[in-house]
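# Commentary on secondary and tertiary structure
Okay, here's what each chain looks like letter by letter:
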Amino acid sequence: MISKVLGSRYQLGAMIGTGGMADVYIAQDQRLSRQVAVKILRSDLAKDSTFVARFRKEAKAAAGLNHPGIVAVYDSGEEPAPYIVMELVSGHTLRELIHDGDRLPLDRALEIGAGILAALDYSHQRGIVHRDIKPANVMITDKGDVKVMDFGIARAMDDLGATLTSTWNVVGTAQYLSPEQALGEIADAPTDIYSTGCLLFELLTGRPPYTGETPVSIAYQHVSGVLTPARQLQPELPESVEVLLTVALAKKPEDRYISANAMLEDINKIRAGQNISTKIARAPLVSRRTAIISGIAIIATGIAAIVGLSLNGGSTPSLGNELPNVVGLTESEARALLPEYTITIQRAPDPRIPRDRVARQIPLATTQVTKGSAITLTISDGPGDAIVPDGLVGMSLIDARSALAAVGLVIARTEAAPSDEAQGTILTVTPEAGSKITAGSGVVLTIASGEIEVPDLIGVEAIQAKTLLIQAGFLVREFNDYDAEQEIGVVIRQAPDAGTTQTIGKPVTITINKAP
């Protein structure tokens, strides 16, 4: 079970989010009497010593960022699993707003882009590159402000490399991937500019610049695909917006904006109704053709590295007798990259690789082989079946996630329900234990919300009342009022009323009697 208090300081409340990487809880910082968000990373990541060391370093670096457009990182720890303590932001992620289907007005979309770039300019000047700008990492507060989050996590995750085999399930992330990331090259400040360009393109046109069924197919397009003009999708957009997006989404980092601030300045000019003078870099025709032809062999290795399938890193290979990585490609695409080798095809289930794509190759990529040698390619028959394991009921969410991952399943969503079991305890599993379902698919977990009775606080001295609430697992909202018939400093009103039930982690409001 997750400890109720992390670091002898953070009283965990209700879970407010969950995903493939972490669970997020609302919490009370008992030392500073403020609400915070605590993100607890997956238990399998906690077992990776390289990641833990990287996480510790990057969390400290992110904690040094102090900007209104960046979700503040207050603290971090490693027990029971690596966690970070962040500013609690009331609002929604940009991903949630995009999925609602509403198109944003031009000025509002540009305003959001400007907010992201202002945050990036601040972080870049301090040597911190985000490397994972996407709608899920941008918060829009209830007041409409823009806040970028997960600087430390994004940078720490960047070095996990081949261990992140689950990236095949995250097509959305690939939609904002820079060409250099797809090639396994160094991701620096221009990467953040490109990803912001992808995000802004989607806000302005209603779709990402490149789409596809798998991360590999999307990554191919980032490297060599032709960008559909934004005004072809939305003719009412100003020409200056087309220029802005084309420069930000240039294939070569050196052809993009020289800084986040430079792109921000152009956005501000567009919002003010001014023309922009930034030039679009155009490579000679021969160069473009050469890049497309030779780039196919290069990205075969690089893309596999970024989606976590290459065991040999992401450096650009030489084109001699070094075997390209064809994992993730269709059979015809793989054969096109291996014209001078004898190909043997076999098929087998694979939970990570979509059906009819290469799941394994022997010899491995980057191996030096003689032309004409035999290459065996295993084509995926799809994920096959998995059995929902026994024993999930009664587990903590972290333990349940590990048990499901061990058999090739994930958590589709969690649903809270009243229970006298400890908060976060698994109550039911759907489908039930023993069910046969497709590997890689998800199950629904019902978890105990931890509802308990609200104590009677009327007439109780303020400090004691807050202590009682915190010890019971509630968050505290405090207001002041004056009642001449009551003692100064005691609780004169509370909500919910005493005796009602309230979910652990939810707020209880108390009004303290204070002299005018």
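## Re the overall build of the protein chain
Looking only at helices and strands, the protein chain features 16 helices and 22 strands. Within the span of the protein chain, comprising 516 residues, buried residues form 49% of the whole. In the protein chain, the share of contacts with a sequence separation of at least 24, taken over all contacts with a separation of at least 6, comes to 68%. Accessible area of the protein chain: about 23,500 Å², with a carbon and sulfur share of 51%.

## Things to note about helix 4 (residues 106-125)
Between its terminal C-alpha atoms helix 4 stretches 28 Å, which fits the 28 Å expected from 20 residues at 1.5 Å a residue. Taken across its 20 residues, helix 4 has 14 buried, putting it largely inside the fold.

## Some remarks on the packing of helix 4 against helix 8 (residues 189-205)
The interhelical angle for the contact between helix 4 and helix 8, taken along N-to-C directions, is 165 degrees, at an axis separation of 10 Å. One element, helix 4, and the other, helix 8, form an angle in the roughly antiparallel class. When the axes of helix 4 and helix 8 are compared, the crossing they make is right-handed. Here Leu106, Ala109, Leu110, Ile112, Gly113, Ile116, Leu117, Leu120 and His124 of helix 4 come into contact with helix 8, specifically with Ala189, Asp192, Thr196, Leu199, Leu200, Leu203 and Leu204.

## A closer look at the confidence of the model for the protein chain
Across the protein chain, the average pLDDT comes to 81, with 83% of residues at or above 70. In the predicted structure, residues 288-320 sits below a pLDDT of 50 and forms 67 contacts with residues beyond four places in sequence or in another chain.

## Some thoughts on the pattern of salt bridges
Under the counting rule described, the total for this entry stands at 15 salt bridges. In this structure, Lys466 engages Glu478 in a salt bridge whose closest nitrogen and oxygen atoms are separated by 3.2 Å. Pair noted here: Lys466 is in helix 16 (residues 462-472) and Glu478 is in strand 19 (residues 475-481), with a separation of 12 residues, a long-range link. Judged by relative accessible area, Lys466 falls into the partly exposed class, the value being 26%. Overall, Glu478 belongs to the partly exposed group, its relative accessible area being 39%. Three or more residues joined by partner-sharing salt bridges are found here, namely Arg9, Asp29 and Arg34.

## Observations regarding the packing of aromatic side chains
Inspection of every chain in the model, using the stated rule, returns 0 aromatic pairs. Of note, Arg34 hangs over the ring of Tyr74, and the distance from its end group to the ring centre comes to 3.8 Å. Lying over the aromatic face of Tyr122, Arg126 brings its terminal NZ or CZ to 3.7 Å of the ring centre.

## Re the sheet that holds strand 7 (residues 91-93)
Reading across from one edge, 7-8-9 is the order of the 3 strands in this open sheet, with antiparallel pairing throughout. Two strands in the sheet have a free side with no partner beyond their single neighbour: strand 7 and strand 9 (146-148). Strand-to-strand, the axes of this sheet are offset by a mean angle of 25 degrees, without reference to chain direction. Note that strand 7 and strand 8 (residues 138-141) share 3 bridges and pair antiparallel. Note that in strand 8 the partner of Thr93 across the bridge is Met139.

## Let's talk about the sheet that holds strand 14 (residues 410-417)
Spatially, the 3 strands line up as an open sheet ordered 14-17-15, and their pairing is mixed. Single-partner strands in this sheet number two, and they are strand 14 and strand 15 (426-430). Averaged over all pairs of adjacent strands, the angle between strand axes in this sheet comes to 25 degrees, irrespective of strand direction. As paired strands, strand 14 and strand 17 (residues 442-448) are joined by 7 bridges and run parallel to one another. Note on strand 17: the bridge partner recorded for Ala417 is Ala448. Contacts between helix 15 (residues 397-406) and the sheet are confined to strand 14, strand 15 and strand 17, with strand 14 contributing the most and set at about 150 degrees to the helix.

## A closer look at the nonpolar core
Ranked by size, the top nonpolar core spans 50 residues in total, and within it Ile116, Phe151, Leu200, Leu204, Leu244, Tyr257 and Met263 carry the most contacts. At the level of elements, helix 4, strand 8, strand 9, helix 8, helix 11 (239-248) and helix 12 (260-271) are the ones that each hand at least two residues to this core. Here this core takes 9 residues from helix 4, the largest share from any one element. Residues contacting Met263, with those up to four places away along its chain left out, are Leu117, Ile193, Gly197, Leu200, Leu244, Ala248 and Tyr257.

## Section: the environment of Arg34
Looking at the element boundaries, Arg34 is found in strand 4 (residues 34-41). Residue Arg34 is classed as partly exposed on the basis of its relative accessible area, which comes to 28%. Note: C-alpha distance between Arg34 and Tyr10 (24 residues apart in sequence) is 9.8 Å. Among all residues touching Arg34, those that are not within four sequence positions of it are Ala27, Gln28, Asp29 and Tyr74.

## Focus on helix 12
Here helix 12 is 12 residues long and its end C-alpha atoms lie 17 Å apart, about the 16 Å a rise of 1.5 Å per residue gives. Where the residues of helix 12 are buried, they touch helix 4, helix 8 and helix 11. Phi for Gly273, located one or two positions after helix 12, is positive at around 80 degrees.

Conventions used here
- Residues numbered from 1 in each chain as written.
- Predicted model: local features only at pLDDT ≥ 70, side-chain atom pairs only at ≥ 80, totals over all residues.
- Heavy atoms only, no water.
- Helix = DSSP H or I, 4+ residues; strand = E, 2+ residues; numbered from the N terminus.
- Buried < 20%, exposed > 50% of the residue type's maximum accessible area, 1.4 Å probe, protein only.
- Contact = heavy atoms within 4.5 Å.
- Areas by Shrake-Rupley, 256 points an atom, 1.4 Å probe, with all protein chains shown as cover.
- Expected span 1.5 Å × (residues − 1).
- Axes fitted to C-alpha atoms, helices over the stretch in contact; angles between N-to-C directions.
- Parallel < 35°, antiparallel > 145°, perpendicular 65-115°, else oblique.
- Left-handed = near helix turned anticlockwise from the far one by under 90°.
- pLDDT = per-residue confidence, 0-100.
- Salt bridge = Lys/Arg side-chain N within 4 Å of Asp/Glu carboxyl O.
- Phe/Tyr/Trp six-rings, centres within 6.5 Å; stacked < 30°, edge-to-face > 60°.
- Lys NZ or Arg CZ within 6 Å of the ring centre and 35° of its normal.
- Pairing = 2+ DSSP bridges.
- Core = buried A, V, L, I, M, F, W, Y, C linked by side-chain atoms within 4.5 Å.

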